[in-house]
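Below are the chains, spelled out letter by letter.
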Amino acid sequence: MSAPTPVQRVFRPLFQSISGSAWFAKVGPKVVPPLDRGLHRITGGRMMLAQALIPTLYLTTTGAKSGQPRVTPLLCMPEDGGWIVVGSNFGQDKHPAWTGNLLKQPRASVEFRKRTYDVTGVLLEGAEREETWTRLNALWPVFRRYQSRAERDLRVFRLTPSG
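Residues numbered from 1 in each chain as written. Predicted model: local features only at pLDDT ≥ 70, side-chain atom pairs only at ≥ 80, totals over all residues. Heavy atoms only, no water.

Undergrad: Any chance you could explain helix H5 (residues 142-149) here in plain terms?
TA: An α-helical turn contains 3.6 residues, so any two residues separated by three or four positions project in the same direction. Buried within H5 are the following residues: Val142, Phe143, Tyr146 and Gln147. Each buried residue of H5 sits inside an arc of 145° when the element is viewed along its axis, so together they form one side. (Buried < 20%, exposed > 50% of the residue type's maximum accessible area, 1.4 Å probe, protein only. Helix = DSSP H or I, 4+ residues; strand = E, 2+ residues; numbered from the N terminus. Arc of directions from axis to C-beta.)

Rendered as structure tokens:
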């Protein structure tokens, strides 16, 4: 991982405290994704709320029931030309819909830094998940708080560019 920027050093602790709180788990899912989508649209893909603090992407999956494209802004951990994403759902008890979509149809697309990639999503399990989980929490320790609050294992996926 690269060294944190001055903005990250100043604001990360504050945003980690807020985003890891129980009240934010109730408010965040209703507020953050719509704000991110609006900001993304208004700025032509140049901005999302958290991107100054942690890498972010847009994941487009195929709806498991509807078959329609579903776009979700997510925090991510870039690695080896792909990305790791977590189905945290802000620590709520239900898995976010995008994880079920990806399990049913692993082919998806990612928009990252204004470029779009076709990807295949793979659910990480066992030792591979544990090793990745450790690195994710070094990047964004809030995931650990989400896991402690949720009555489920948070799903961790590797998104690998296709072709």
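Undergrad: Is there a simple way to explain the packing of aromatic side chains in this structure?
TA: In this description, a pair of aromatic rings is defined by centroid distance and the angle of the planes. Following the criterion strictly, the structure yields 6 aromatic pairs and no others. Their ring planes at 55° and their centres at 5.6 Å tell us that tryptophan 98 and phenylalanine 157 sit as a pair that is tilted. In this pair, tryptophan 98 sits in helix H3 (residues 97-104) while phenylalanine 157 sits in strand S7 (residues 155-161), placing the two residues 59 residues apart along the sequence. Each member of the pair, tryptophan 98 as well as phenylalanine 157, carries the same accessibility label: buried. The interplanar angle of 40° and the centroid separation of 6.4 Å between the aromatic rings of tryptophan 133 and phenylalanine 143 together place this pair among those described as tilted. Taken together, the residues span a long stretch of sequence, with tryptophan 133 in helix H4 (residues 126-139) and phenylalanine 143 in helix H5 at a distance of 10 residues. Exposure remark for phenylalanine 143: the relative accessible area of 4% places this residue in the buried category. (Phe/Tyr/Trp six-rings, centres within 6.5 Å; stacked < 30°, edge-to-face > 60°.)

Undergrad: Please explain unusual backbone geometry as it appears in this structure.
TA: Positive phi is not limited to glycine here, since aspartate 80 has a value of about 45°. Mapped onto the elements, aspartate 80 comes out in the loop between strand S3 (77-79) and strand S4 (82-87). Positive phi outside glycine occurs at phenylalanine 90, with the angle close to 60°. Mapping phenylalanine 90 onto the fold places it in the loop between S4 and H3.

Undergrad: I keep staring at the nonpolar core and nothing clicks. Help me out?
TA: Looking at soluble globular proteins, one finds that nonpolar side chains tend to be buried together. In terms of nonpolar packing, the biggest core is built from 18 residues, with Val86, Trp133, Leu136, Phe143 and Val156 touching the most fellow members. If you list the elements that add at least two residues to this core, you get helix H2 (22-42), S4, H4 and H5. Among residues more than four places away in sequence, those in contact with phenylalanine 143 are Leu75, Val86, Ser88, Trp133, Leu136, Asn137 and Leu154. Trp83, Val110, Phe112 and Phe157 belong to the second largest nonpolar core, which has 14 residues in total. (Core = buried A, V, L, I, M, F, W, Y, C linked by side-chain atoms within 4.5 Å. Contact = heavy atoms within 4.5 Å.)

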